[in-house]
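Listed below are the residues making up each chain.
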2 protein chains.
Amino acid sequence: MKNAMFYHAGCPVCVSAEESITTVIDRDRYDVEIVHLREARDRIAEAESRGVISVPALVVEGRALHINFGASLDDVKA
Amino acid sequence: MKNAMFYHAGCPVCVSAEESITTVIDRDRYDVEIVHLREARDRIAEAESRGVISVPALVVEGRALHINFGASLDDVKA
């Protein structure tokens, strides 16, 4: 199993994207971890180091996929 | 099988997103059709009607997921 990280901030766009991604991703090959960055603020730096600049974002196979736009990471930090 | 449509315009961001999406999506449940909108200009209206406003975008389960940003649909039309 490979890891996939879904970073979000609880916004409506985030919830919608989370539903879509967790539905379509191949769960036989990917473990999806959902990380709420407003609740786990100590993981904002981790998201940033993986190339996340806005939420919601899926990090998988070494790439950050920003899915629609909920909030910038700077806004999440504020 | 359900259909998923991946709309793109051949840009580097599109190619990268296509690689990621076609890798992680559950191919046992989704048929992914790749549509190059600069080559299939007659399908731009179809993409637009499904909520696509920029490429690359994945339309699945009735939702348009814009993945990173390559170009606006207006630019693709131009």
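These numbers were taken from a predicted model, which means no experiment stands behind them.

Draft legend 1. Fine view of the pairing of strand E1 (residues 2-8) of chain A. All names here are of chain A. In terms of residue burial, E1 counts as a mostly covered element, since 5 of its 7 residues are buried. One ladder, built from 7 bridges, connects E1 with strand E2 (residues 30-36); its direction is parallel. Bridge assignment links Asn 3 to a residue of E2, and that residue is Asp 31. Note that the unit made of E1, helix H1 (residues 12-24) and E2 has a crossover that is right-handed.

Draft legend 2. Looking closely at the pattern of salt bridges. Residues and elements named next belong to chain A. Evaluation of the coordinates by the stated rule reveals 16 salt bridges over all chains. A salt bridge links Glu 61 to Lys 2, with the shortest nitrogen-to-oxygen separation between them at 3.1 Å. With a gap of 59 residues between them, Glu 61 in the loop between strand E3 (54-60) and strand E4 (63-72) and Lys 2 in strand E1 connect regions that are remote in the sequence. Given a relative accessible area of 44%, Lys 2 falls into the partly exposed group. The partner of Arg 43 in a salt bridge is Glu 33, and the shortest N-O contact between them spans 2.8 Å. One end of the pair, Arg 43, is in the loop between E2 and helix H2 (44-49); the other, Glu 33, is in strand E2, with 10 residues separating them in the sequence. Exposure remark for Arg 43: the relative accessible area of 21% places this residue in the partly exposed category. Taking relative accessible area as the criterion, Glu 33 reaches 33% and is therefore assigned partly exposed. Here the salt bridges share partners, and the residues they tie into one network are Glu 33, Arg 43, Glu 46 and Arg 50.

What counts and how
- Residues numbered from 1 in each chain as written.
- Chains lettered and ligands numbered in written order.
- Predicted model: local features only at pLDDT ≥ 70, side-chain atom pairs only at ≥ 80, totals over all residues.
- Heavy atoms only, no water.
- Buried < 20%, exposed > 50% of the residue type's maximum accessible area, 1.4 Å probe, protein only.
- Helix = DSSP H or I, 4+ residues; strand = E, 2+ residues; numbered from the N terminus.
- Pairing = 2+ DSSP bridges.
- Right-handed = clockwise from strand over helix to strand, strands pointing away.
- Salt bridge = Lys/Arg side-chain N within 4 Å of Asp/Glu carboxyl O.

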